Structure formats: C-alpha cells, structure tokens
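Chain by chain, the residues:
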Amino acid sequence: MSEIPAKATESEDPSDGATTSAAGALAADATEALARAAAGTTAGGAGRPGDALWQSSPPGSIYDYIKVASFSIGPDGLVDQWSLRAEQIFGIPADRAVGMDPVEAFIDPDLRENGQRRMAEILDGREWTGVVPFRMPDPEGGGRGEDGLAEVYVMPTRNKGGEKAAVCIVVDVRTLRSIETDLAASQAIFGQSPFGFLLIDTELKVRRANQRFASIFGGSPDDHRGKGVHDYLPRAEADRVSATLRRVLETGESITDMHVTGHVPGSEERRHWSINLYRVHSGSGRPIGIAWLGTDITARRAAAREAAAARRNLALLNEAGARIGNSLDLETTARELLDVVVPGFCDLATVDLYQGLLAGDETPPGLADGSAELRRVAYASAVSDAPFRGGSGEPVSVGAVHHYPFNSPCADALRTARPKTVPGEEGGLVQSTLAVPMVAHDTVVGLAQFARTKGSEPFGDRDRDLAVELAARAAVCIDNARLYRREHERALILQRSLLPPGDPVASGLDIACRYLPGNASTGRPSEVGGDWFDVIELPGHRTALVVGDVMGRGLRAAVAMGELRTAVRTLALLDLEPAEVLSALDEIARGLGTPGGVQQATRAARRPREADLSEVYLATCVYAVYDSVTRRCTFANAGHLPPVLVEPGEPALMLDVPPGMPLGVGGEPFEEVEVELPEGALLALYTDGLVESRDHPLDEGLQAFVGALTDPTRPLEDVCDHVLNTLDSHHGEDDIALLMARVQGLPAESVGDWTLPREPRSVGRAREYARGQLLSWDLEPLVDTAELLVSELVTNALRYGEGEIRLRLLLDRTLVCEVWDSGLVQPRRRRARDTDEGGRGLQLVGLLSAAWGSRRTPRGKTVWFELPLPDGETGLTDPAEALLSLF
C-alpha cells in the first residue's frame, strides 16, 4: 500500500490553528482526503461523480515542516509496504524494511512484550493512537541505532484476500516539538516585543501586526490586517516606503535603519521611526512576504539634534575665539563677529556701536536710557543685501547714525543689559530677532542683532545663551580696541606735537619732510614709535638738521623722543659743535631711565649689577650743521644710518660718516666730518623704517633708496613722494621719518666781510662799512640802528677782545651782523646802576635787535645781532626811545 496523497489547504495565518496534538489533526486530514477521493471531490469544491483528482502538495504547505510518513502491516504482523517518507525518517530503504517485524525492529527489548500485545489488538481490528519510543536500527545491521520518539496513528484495514491488516501514519515528535518551540518564539516576538512588528504579504498588505504596533497606531492587532503603508504615512513618505518594500521583495536585499517620518493618530507631532526590512521565505524557499521591525527614534532624534546643536555652538565659539579680535580696530572687530554668525547661526545680523565711543569719548555711555546715538558699523546677510528694520522701525544703512525709541525692545536691551526677542513683522522677511547688548567690563558698548528668516528654526534658550556669549566676546575685543585706539591717538598726538609744525624754513636750504607713523598707510592701529626729525635755525644763517630714532614703541618711546628732541634744541641754541651735542645727548639718554638723572646713572654704572633692560633708553641720531655762507656742513653720527648726498649730474652716494655708538650706551666719543656741499646738491636724512622691513633687508633697502634719488632737480615735494612710492614704505611695521634739503647758499652779493685793525679808528670805519653796505642793499631804514649796534660790538671787541677784528654782514630773510675776534672771554650782559657812565652797551644791543648772542669759534669768539628787514613782520625799534629807556 502506497502513501495516501492529500491536498493541503493553506491557512490564513501561519500560527493560527495550532493544536496540542498535530498528529491527530494530520490523521483527520488524511481521513478527509480519503473520503473526498472516494466521493470524487476535492478540497476546493465538488467534482463530477466518479472523478478522482489527485494532486501533489503545493510548495509552502505544512508538510514541508512536519516529518510525516506511512507504512502498512500485513496479516502476519510484518511490514509489507514502506513509503519514501518512511525511508527519510527512519533511514531504512524499502527493500530492507519490507518483511521486518516493526516491534522487533524498532521497539526497545524491554517494551517488546507490550508492543506485541498492541500489535495483536491492531490486527484484531482495533484503532490505536499513541506516542511510541523507538530506536533506529543500525544501517549496517546488528547494532543499536539512534533513539527517537514517534506519534503513531494506526488504522485497521483488509487486504485483497479479506485478511486483517493495518495502515500506520507516523509523525516525528522531535520535529513537532521544534515547530512548537518556533511557534512559541513567534508568539513571543509578536506579543512581547517592545518594537513594532509587521508581517507584510506579497501584495504589500499587513498580514499580521503585534500589540506594540497596535498600541501606537490604535485598535487591536487584527484591526490592521489588510492595511497598506499609505494608511499610516503621508503620501510622499508612503510612496518611498512602498518602493523600498517592492525592492526588498524582488531582490531579497535587507534594509537596515531606514528612517521614516509620519504622525500617529490623534497627534500632530512628527514622529520618527527606524525601520528594518527583510524578506520572509517558506520552508521550500518561496518568498511569502516581508518582515517589518520598527523602532520609535523620535526622542533619539531630538537628543541627536540637541547634541548636534551643542557641537555646532561649541564649534561656533571656537571659531569666534579664533577669528574675533585679531585686529585692534572697532569696525573690523564688528565685521569679524558677523562673519562668524552669518550664516552659521543666523541669516541676518547687524552691529551698532555708541557714537560717543567711536568718537573717542573718555567714557562711553553705559547703562543709560538706551536712546543714545549709535552708528551702524557692520551688517551681514545670507539672503539679502538690503538692511533690515530690526528694532528701529526703518532700514538703517552701514555708517548711518541713529537711535532707538525709548520704548523699543532694542532700547530696553541697551538700558537693562539683557537680551530681548523682537518678533518679525507680519508679511516681512524676518521671523524673529535677538537684540543682544554688547557688554564689556560692566559697560554697554553697543548692540548686536541676530535675525532668522521665516522658515528657519526659531531661536531657543540655547541660542539666546550662545548669542550673549558671542556678543560678550566681541564686546571685550571692541572695548580693548577702543582703549588701544585712545592710547594710540594720545601717543600719536604727543609725537606729532613734538615734531616741527608745518614746513620748516631754513636759510640757504630748501626743506621738505615726511613723517609716517607705523601702520598709518595700512589702516591698522599700531603703537607709535620714537622717530623724529628737526630743523633748527642757528645764528649766522646756519641751520642744524636732526634725524633720530628711539628704540622701542609706544608711549614710552614717544616720551623719550620728546625729551631728546627738547634736549637737542637746547644744546643747539648753545651753539655747540655737533660732536659736543651728541656727547651731551648721550649723557641725557643715560639718565632718562634713572630717577636721579645723569649723575645717578653714572654712579650706578660704576657698581657691578645686572642691567634692567626695561629702563634702558637707546636712540640713534645724526646731527648736521650747515653754514649757508660757506656751504659747508658738519656731521656727527650716533649709530644712525648714513646721510645720502646727490650732487648735480652725479649719482647718489652715502656719506662716510663714522657711525659711533647709539645714544645711551656711553663711553665712546663722537667724530665729526665736514663736507662742502655744491650749489643745488640734495641731502637726505632718514630713519630705518624707510629702508628696512621684514620682507626687505637693510642692504637691499639702502640700495633701493639710493637708486630712487635719480633726479635732484625736481621739486623736493615731488622727490619725497617719489621715494615713498618707490620704496616699500607702506609695510606699516615702523615709523618713517624723511628729511630732504636742497643746497641754496647765500650769494656773494648778500655777504659783506671786512677785517679791521685793532685800533680806535676801526670803530668809525666799521660804521662806514655798515652804512655803505646797507645802502647798497636798499636797507636805508636800518642804517642808523645798524651803525649804533656795530659801533657797540666793535668797541667791546677793542676793549675786551684780542687780535684783529672781523666784521661780517649777512642778508637773507633777516640782517645779521657778526663781529669776530680772537678773545675767548664771552660777553656778559649786566644791569648798570643809574650813576654808572658805562655798562649799557649790551643792554642797548638787546633793546634794538631782534636777537643777539655770542658763540665760540675755533680761533676765538663771535658776537652777533639780528635785525628784521623793513618789510618783515617784526617792526623796528626807534633808537632814541631805546636810549631813553635805559635811564
């Protein structure tokens, strides 16, 4: 007897209909199949009488999972038919199994007696169902095989001869228990899983849902049968998910952590899920659907957004620390703040600073009423270049001065030093604006506004805190820039006040000069330096030219420069030689850093100690005295760069002047060099900022400077501009001082020079020479005064001097008279008593002349006086009134 084929019916739910006795169900199915076969019908419906429809089990039936076999027992109790399924379960081929006693072959010896009794009852026509332990015969024969457990359903039957027999249906209990375990696991997944679980069939409809899924989307698990993804998700999202499901069903490729966004019933909150998809197969390997495992990640997404926002804010603060405050300029610092926040933090932003702060007021307005004038110094936008209204009501352009109404949120923020939120206007571009006061050292210096456009994420508490931190950092940098600008301007004012005002004028020289403070050309504030220059008029139509540089920068260097410049002018008026001037300056520089002055510094230098470099003042200086009559110039140098001379028709050259030691070092004398300057020659004195920078070494700069002086005949102003434009004078690293002079000596007709013997008649002769020379110069109004003063000076030379007497008259912008002799005693002015007959000569000279004095010469002394020309600004003194004023 062969296996009885039966048509398997597919259950609507793979887990439904499970009973405690699967073998009994199988027996019922087999009985039903036999009845249908006998009646000529199928499980699918009625057939024609007498027609028997035999079919193979379709793929995916339960027989693919449960091991079921059949065999028959003959009247003798031996196996007479053995199915293929029996061969698969027991591992014994049919040719060996037929004729075997099943009790002897499969039952343990201890149970065989009971087995023989059951076999006799079966052959007697009784049905029997039960669980039978058995052991597999050794395939090789004679040995003990593997033990097993089978559920057996025995049905009595008869053979062709009418003898009693039996048909046995066997189910492997081990496989059945495995299926029961799998079903329990499936039930646990669906019923106990904390994740939403769906089984989706090949038509993309829900076949089964678990309780977790139903608790989220409402109803019971059965209520979701037959629904599709469009019943749960928005259309666009559902289309995307449907396409993914089809791809998984077609390719078998699993999808992991696919993010899906939607809403749950009864809530408008956007929810986020992480979905895992994989294809499900039947026992025969046929795809029967898709498993959907979903996890709600809404909270995780929110936490991720918070973490991302925190990282973004930290990165923004790091960027702000690196980019804000690199320049000590108020406007630049404000622009750096906006470069950081737009577009990383907001879409539009502005910075307003108090107008008084920008104007350099000593104390900017602090916690005032908030309505003070402000200037918009910076604006940035990621969406539009047009200024937005913010809290002022009207658009404000960059550079405009404005103020906020008293009751406005921006004025309130300035008044209270607390940030305020300004809602956007209806129909406008801006969604909301944060008005954040810029507070530095408890002082409000301005207002920063950060705005986001409609459609952007609104400002939160974290954003408000970040805006306050960014504004505070920028405010500190702006306040530092304000303080630095104030100190820089003070030092610059001090330095400029110590330089010669206007264009210097000198006898026999055409003067042009330039001074550029550090970084003035680049627009970046910097500390002032100690560079200076000076043009000092000396007696006898001589001129002292000075250029110096105090080492260091800042207010300290500017003050030291002022002290040295004042000392130079004082020493120059004493008419000392250039080397003597520098020696005295060296002593003064050594005493600048010592409270006790020069003598204290000298005593301290004798004591061995470590030098306090912070109190050492060092400077370089070149000092030159030019005589317009002889066109000779005497130079002395204290560690400064050499002067440059350009003679007509000759290339420029650097004069070989011994450099000496810088001022403040001490211990070394200074040397003098005298050079005769031809008419029209060009003399240039300068500081190292003109010829040296980080990009250009000193030697290269000196050569470039010499090469730039190619045409000394051009106007001096043009020559200065040409030099500054040719050289790298815009580096801004150091101050630049440039002093240029073109030689224009006094013509011979403007000089009267006579030598007088040492005798009384020389007084009258001197008056005659003076009268004749003045008349030849058309200076008749000065004749009487000049005769009187010349007579007094020559008389003094006869009475108190030595050697022959020399009289010289010089005509330039003023009239200068000089009387020379070989005596070393300097004249001293004294006040004569009313009864004295003499002693009033020098008083008379002082009353009638614009200036008078004496100086030492290599062979004696020179006494001189100066008279203004009749067309000059200074009026002449009446000699008669001057004489009467003496008594």
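Shown above is the structure to which this text applies.
Predicted, not measured: the structure shown is a model, and the values here were computed from it.

K.L.:
Can you help me understand the pattern of salt bridges in this one?
P.N.:
When charged atoms on two side chains of opposite charge get close, those side chains can pair. What the rule picks out here adds up to 37 salt bridges. The partner of R462 in a salt bridge is E306, with the nearest N and O atoms 2.8 Å apart. With R462 in helix α13 (residues 461-498) and E306 in helix α9 (residues 298-323), the pair connects residues that are 156 residues apart, well separated along the chain. Exposure remark for R462: the relative accessible area of 39% places this residue in the partly exposed category. For E306, a relative accessible area of 43% puts it in the partly exposed group. Of the charged contacts in the structure, one is a salt bridge between R473 and E469, with a shortest N-O distance of 3.0 Å. Here R473 pairs with E469, and both are found in helix α13, just four residues apart, close to one helical turn.

K.L.:
Mind showing me how you'd approach the packing of aromatic side chains here?
P.N.:
Geometry of an aromatic ring pair is reported as the spacing of the ring centres plus the angle between the planes. One pass over the structure, following the stated rule, counts twelve aromatic pairs. When the ring of F90 is compared with that of F106, the centres are 5.0 Å apart and the planes differ by 45°; the resulting orientation is tilted. On the criterion of sequence distance, the pair formed by F90 in helix α2 (residues 84-90) and F106 in helix α4 (residues 102-106) is long-range, its members being 16 residues apart. Each member of the pair, F90 as well as F106, is classed as buried. Among the aromatic residues, ring-to-ring pairing joins F71, W82, F90 and F106 into one connected group. Sitting over the ring of W820, R855 keeps its end group 5.8 Å from the ring centre.

K.L.:
It is not clear to me how the sheet that holds strand β17 (residues 509-516) should be interpreted in this structure. Could you clarify?
P.N.:
Hydrogen bonds between backbone groups are what pair the strands of a sheet, and the pairing can be parallel or antiparallel. The antiparallel open sheet is built from five strands, whose spatial order is β17-β26-β25-β22-β23. Of all strands in the sheet, those with a lone pairing partner are β17 and β23 (653-654), marking the two edges. Note that strand β22 (residues 644-646) and strand β25 (residues 682-686) share three bridges and pair antiparallel. By the bridge assignment for β25, V646 is matched with L682. Contacts from helix α17 (residues 698-708) reach β22, β23, β25 and β26 (736-743) within the one sheet, and its direction differs from that of β25 by about 150°. Most of the contacts of helix α18 (residues 716-726) go to β17, to which it runs at about 30°, and overall it touches β17, β25 and β26.

K.L.:
So what exactly am I meant to see when it comes to unusual backbone geometry here?
P.N.:
Across the chain, the bulk of peptide bonds are trans and the bulk of non-glycine residues have phi less than zero. Cis geometry marks the peptide bond from V342 to P343; its omega dihedral reads 0°. In this structure, P343 sits in the loop between α10 (330-341) and β11 (348-354). A positive phi is found at D575, a non-glycine position, where the angle reads about 60°. Looking at the element boundaries, D575 is found in the loop between α14 (555-573) and α15 (578-592). Within the chain, D778 stands out as a residue other than glycine whose phi angle is a positive 60°.

K.L.:
I'm lost on the side chain of Q449 in this one. Help?
P.N.:
Secondary-structure assignment places Q449 in strand β16 (residues 443-453). With relative accessibility at 0%, the residue Q449 sits in the buried group. A polar atom in the side chain of Q449 sits 2.8 Å from the side chain of Y404.

K.L.:
Explain α18 here, please?
P.N.:
Within an α-helix, residues lying three or four positions from one another point in the same direction, as the helix has 3.6 residues per turn. Within α18 the residues assigned to the buried category are L716, V719, C720, V723 and L724. What you see down the axis of α18 is that its buried residues fit within an arc of 130°, all on one side.

K.L.:
So what exactly am I meant to see when it comes to the packing of helix α19 (residues 761-776) against helix α20 (residues 783-800) here?
P.N.:
How two helices sit against one another is set out by the angle between their axes and by the gap between those axes. At a minimum axis distance of 9 Å, the contact between α19 and α20 shows a crossing angle of 150°. In this structure, α19 meets α20 at a crossing whose hand is right-handed. Only V783, D784, A786, E787, V790, S791, V794, T795 and L798 of α20 make contact with α19, whose side of the interface consists of S762, V763, A766, R767, A770, R771, L774 and L775. A class-by-class count of the residues in the contact of α19 with α20 yields ten nonpolar, three polar and four charged.

K.L.:
So what exactly am I meant to see when it comes to the nonpolar core here?
P.N.:
Inside soluble globular proteins, nonpolar side chains tend to come together where they are buried. Membership of the largest hydrophobic core comes to 49 residues, with the highest contact counts inside it found for L337, V341, F345, V351, M438 and F450. In terms of residue count, the dominant contributor to this core is α13 (nine residues). In this structure V341 touches C346, A349, F450 and L470, once residues within four positions along its chain are discounted. V763, L789, L807 and V863 belong to the second-largest nonpolar core, a separate cluster that totals 31 residues.

K.L.:
What should I look at first to understand α15 in this one?
P.N.:
With 15 residues, α15 extends 21 Å between its outermost C-alpha atoms, agreeing within 8% with the 21 Å of an ideal straight helix rising 1.5 Å per residue. Three or more residues of α15 are buried, namely P578, A579, V581, L582, L585, D586, A589 and G591.

K.L.:
Please explain the pairing of β17 as it appears in this structure.
P.N.:
Every regular strand shows the same layout, with side chains that alternate between the two sheet faces. The buried fraction of β17 is high, at six of eight residues. In this structure, β17 lies alongside β26, joined through eight bridges in antiparallel fashion. The partner of R514 across the bridge, within β26, is L738.

K.L.:
Could you clarify how one ought to interpret the environment of V342 in this entry?
P.N.:
Assignment of secondary structure puts V342 in the loop between α10 and β11. Among the residues examined, V342 registers a relative accessible area of 13% and is labelled buried. C-alpha separation for the pair V342 and F450, spaced 108 residues apart in sequence, amounts to 8.9 Å. Setting aside chain neighbours within four positions, we find V342 in contact with D347, L348, A349, A380, S381 and A382.

Rules of the game
- Residues numbered from 1 in each chain as written.
- Predicted model: local features only at pLDDT ≥ 70, side-chain atom pairs only at ≥ 80, totals over all residues.
- Heavy atoms only, no water.
- Salt bridge = Lys/Arg side-chain N within 4 Å of Asp/Glu carboxyl O.
- Helix = DSSP H or I, 4+ residues; strand = E, 2+ residues; numbered from the N terminus.
- Buried < 20%, exposed > 50% of the residue type's maximum accessible area, 1.4 Å probe, protein only.
- Phe/Tyr/Trp six-rings, centres within 6.5 Å; stacked < 30°, edge-to-face > 60°.
- Lys NZ or Arg CZ within 6 Å of the ring centre and 35° of its normal.
- Pairing = 2+ DSSP bridges.
- Contact = heavy atoms within 4.5 Å.
- Axes fitted to C-alpha atoms, helices over the stretch in contact; angles between N-to-C directions.
- Polar contact = N/O pair within 3.5 Å; in protein donor to acceptor, adjacent residues only side chain to side chain.
- Arc of directions from axis to C-beta.
- Left-handed = near helix turned anticlockwise from the far one by under 90°.
- Nonpolar A, V, L, I, M, F, W, Y, C, P; charged D, E, K, R; others polar.
- Core = buried A, V, L, I, M, F, W, Y, C linked by side-chain atoms within 4.5 Å.
- Expected span 1.5 Å × (residues − 1).

Remember, this is a structural readout, not a statement about activity or role.
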